[in-house]
Amino acid sequence: MTQDLDHDNVAHGMTPEDTPELRALYQGFKDNHLNPLWTQTGDLMPMHPKPQAVPHVWRWADLLPLAEQSGKLVPVGRGGERRAIGLANPGLGGKAYVSPTLWAAIQYLGPRETAPEHRHAQNAFRFVVEGEGVWTVVDGDPVRMSRGDLLLTPGWRFHGHHNDRDAPMAWIDGLDIPFSQQMDVGFFEFGSDRVTDYATPNYSRGERLWCHPGLRPLSQLQDTVASPIGAYRWEHTDRALTEQLLLEDEGQPATVEQGHAAIRYVNPTTGDDVMPTIRCEFHRLRAGAQTPERREVGSTVFQVFDGQGAVVMSGVRHTLEKGDMFVIPSWVSWSLEAETQFDLFRFSDAPIMERLNFMRTMVDGG
Ligand SMILES: [Fe+2]
């Protein structure tokens with residue numbers, strides 16, 4: 001650990017004597033927009049990640065009524081673009097950042113409403129914890145949104161939403177907005193004020209082309225950086241998790257750990273994550289199961305899809321119910337406990353951390 005010893009020397013071994021000359025030196029730094037490393041090493045090079053973002057839980061019982069009230073008071077349309085309410089991490093100064101890299105929001109569309117089309121460099125997905133009746137139109141392809149579905153809007157695809165029913169619908173959005181804002185990579189373009197196709201097919205054209213297990217259309221041999229699948233349907237996710245637990249019952253190696261089934265949504269052209277910056281997964285714990293304590297570089301967000309349980313973050317236990325969302329900042333310890341069968345949707349910035357070689361994980365007893 002030579003690096004850490006060096007770090008200690010810098011942090012603790014080089015405190016200069018306070019003299020008028022030294023004060024003049026520091027004033028000279030300030031006047032010339034300079035800032036010496038030795039006064040701030042602990043913040044710039046911590047021994048391990050020390051995020052400003054904090055672990056936090058948002059209750060569906062709080063989120064949904066506020067979204068419904070927004071539906072009554074705030075119109076949706078050009079300019080505002082979306083009736084989306086961002087989860088603001090209490091450690092990040094009021095910005096609508098759930099973590100330094102990720103945006104998470106509840107979005108609400110009233111009966112017969114349309115959210116206009118636009119496109120942006122940021123990657124986006126929607127996950128539906130309850131409801132139906134909205135179609136998201138991605139590059140002209142209408143995609144049904146129903147409970148348990150993961151819907152993708154990779155960067156620079158035109159997209160708008162329309163509610164075909166007389167009932168409102170809410171869902172969650174996940175994007176890489178904070179990452180793109182801090183890296184200054186954002187571009188944005190308005191599209192049609194209405195969606196370009198009001199058809200309401202059960203399956204999008206992308207699904208009809210791609211969603212046959214293990215079968216790749218020969219017309220589509222070019223790999224793409226984001227998945228060409230617009231919707232990952234609950235029926236497939238549920239069946240995959242059910243089979244993992246059944247296989248475990250039969251003594252077969254199928255689960256990530258005892259009583260913990262999980263899948264990652266992938267881009268079928270590469271087997272990689274669905275989008276370049278965001279990883280999406282779904283986890284199912286048997287009643288009574290508990291995961292070992294973990295720490296990971298990067299931030300992750302969960303939403304409870306079904307069942308009851310708890311998350312322990314930095315030693316603090318939070319009980320959870322359907323729809324509740326929580327964020328685990330970088331290197332914060334966490335584990336899950338299932339009271340009933342416990343289903344959770346998860347997304348994270350892991351593709352960024354892995355590709356840039358910053359990923360590290362630590363599993364208790366592992
Ligand atoms: Fe958008």
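- In the annotation of an unreviewed UniProt entry, the protein chain is listed under the name Gentisate 1,2-dioxygenase and assigned to Antarctobacter heliothermus.

1. Let's talk about the overall build of the protein chain
Move 1: Helix and strand counts for the protein chain stand at eight helices and 22 strands.
Move 2: Burial analysis of the protein chain (366 residues in total) assigns 37% to the buried set.
Move 3: Counted over contacts in the protein chain with a minimum sequence separation of 6, partners at least 24 positions apart contribute 75%.

2. Points about the environment of R208
Move 1: As for its placement among the helices and strands, R208 is situated in helix α6 (residues 205-210).
Move 2: Take R208: there are 12 C-beta atoms within 10 Å of it, and that puts it in the exposed class.

3. Overview of the UniProt feature "domain: Cupin type-2" (unreviewed entry) in the protein chain
Move 1: On the UniProt side, "domain: Cupin type-2" (unreviewed entry) is annotated at positions that read residues 107-173 here.
Move 2: Along residues 107-173, the helical share is 0% and the strand share 61%, with 7 Å between the first and last C-alpha atoms.

4. With respect to the domain arrangement of the protein chain
Move 1: Segmentation of the protein chain into domains returns domain 1 (56-210) and domain 2 (232-363).
Move 2: Inter-centroid distance (C-alpha atoms) of domain 1 to domain 2 is 22 Å.
Move 3: Taken together, the contact between domain 1 and domain 2 spans 29 residues of the former and 29 residues of the latter.
Move 4: Broken down by secondary-structure element, the contributors of at least two residues to the side of domain 1 that touches domain 2 are β1 (56-58), β5 (124-127), β8 (150-153) and β10 (169-175).
Move 5: Per element, the largest residue contribution to the side of domain 1 that touches domain 2 is three residues, and it comes from β1.
Move 6: Broken down by class, the residue content of the side of domain 1 that touches domain 2 amounts to 17 nonpolar, eight polar and four charged.

5. Comments concerning the sheet that holds β1
Move 1: Strands sit in the order β1-β19-β16-β21-β14-β13 across an open sheet of six strands; the sheet is antiparallel. At either margin of the open sheet sits one strand with a lone partner, and together these are β1 and β13 (260-264). Between one strand and the next, the sheet's axes are offset by a mean angle of 20°, whatever the strand orientation.
Move 2: Packed onto the sheet, helix α7 (residues 234-249) meets β13 and β14 (279-285) and runs at close to 140° relative to β13.

6. With respect to the nonpolar core
Move 1: Residues V98, W103, A104, F125, F127, W171 and V301 are the most contacted members of the largest nonpolar core, which totals 68 residues.
Move 2: Two domains share this core, each providing at least three of its residues, namely domain 1 (56-210) and domain 2 (232-363).
Move 3: In contact with A104, other than residues within four places in its own chain, are L87, V98, I172, G174, V301 and M325.

7. Here we look at the sheet that holds strand β7 (residues 141-146)
Move 1: One open sheet accounts for five strands, arranged β7-β6-β9-β4-β11; its pairing is antiparallel. Whereas interior strands pair on both sides, the edge strands pair on one side only; in this sheet they are β7 and β11 (188-190). Strand-to-strand twist of the sheet, defined as the mean angle between neighbouring strand axes without regard to direction, takes the value 25°.
Move 2: Sheet topology places strand β6 (residues 132-138) next to strand β9 (residues 159-163); five bridges connect them, and they run antiparallel. What sits directly across from W135, in β9, is H162.

8. A short note on α7
Move 1: Compared with the 22 Å implied by 1.5 Å per residue over 16 residues, the 23 Å span of α7 between its first and last C-alpha is a close match.
Move 2: Taken from the residues just after α7, G251 is the one with a positive phi, measuring 80°.

9. A look at the confidence of the model for the protein chain
Move 1: The predicted model of the protein chain has a mean per-residue pLDDT of 94, with 96% of residues at 70 or higher.
Move 2: This stretch, residues 1-12, has a pLDDT under 50; its non-local contacts, to residues over four places away or in other chains, come to nine contacts.

10. Concerning unusual backbone geometry
Move 1: For E81, which is not a glycine, the phi torsion comes out positive at approximately 70°.
Move 2: Here E81 falls in the partly exposed class, since 16 other C-beta atoms lie within 10 Å of it.
Move 3: Residues other than glycine seldom take positive phi values, yet S314 does so here, at roughly 50°.
Move 4: Here S314 shows up in the loop between β17 (309-313) and β18 (316-320).

11. Digging into the pairing of strand β4 (residues 114-120)
Move 1: As paired strands, β4 and β9 are joined by three bridges and run antiparallel to one another. Each residue of the ladder has a partner; that of H118, found in β9, is H159.
Move 2: Pairing analysis gives three bridges linking β4 to β11, with the strands arranged antiparallel. Across the sheet, the residue bridging to R119 is E189, located in β11.

12. Let's talk about helix α2 (residues 20-31)
Move 1: When the terminal C-alpha atoms of α2 are compared, their 16 Å separation across 12 residues agrees well with the 16 Å that a helix rising 1.5 Å per residue should span.
Move 2: Across the 12 residues that make up α2, only a small minority, zero, are buried.
Move 3: H33 sits one or two residues past α2 and shows a positive phi near 55°.

13. What to know about the environment of R295
Move 1: Secondary-structure assignment places R295 in strand β15 (residues 294-296).
Move 2: On the basis of neighbour counts, which here come to 17 C-beta atoms within 10 Å, the residue R295 falls in the partly exposed class.
Move 3: Expressed as a C-alpha distance, the spacing of R295 and P142, which sit 153 residues apart in the sequence, is 39 Å.
Move 4: Ignoring anything within four residues of it in the chain, the contact list for R295 reads W331, V332, S333, T361 and M362.

Cut-offs applied
- Residues numbered from 1 in each chain as written.
- Predicted model: local features only at pLDDT ≥ 70, side-chain atom pairs only at ≥ 80, totals over all residues.
- Helix = DSSP H or I, 4+ residues; strand = E, 2+ residues; numbered from the N terminus.
- Buried ≥ 20, exposed ≤ 12 C-beta atoms within 10 Å, placed from the backbone.
- Contact = placed C-beta atoms within 7 Å.
- UniProt positions renumbered as here; feature names shortened; annotations may be inferred.
- Domains from an automatic or database assignment.
- Nonpolar A, V, L, I, M, F, W, Y, C, P; charged D, E, K, R; others polar.
- Pairing = 2+ DSSP bridges.
- Axes fitted to C-alpha atoms, helices over the stretch in contact; angles between N-to-C directions.
- Core = buried A, V, L, I, M, F, W, Y, C linked by C-beta atoms within 7 Å.
- Expected span 1.5 Å × (residues − 1).
- pLDDT = per-residue confidence, 0-100.

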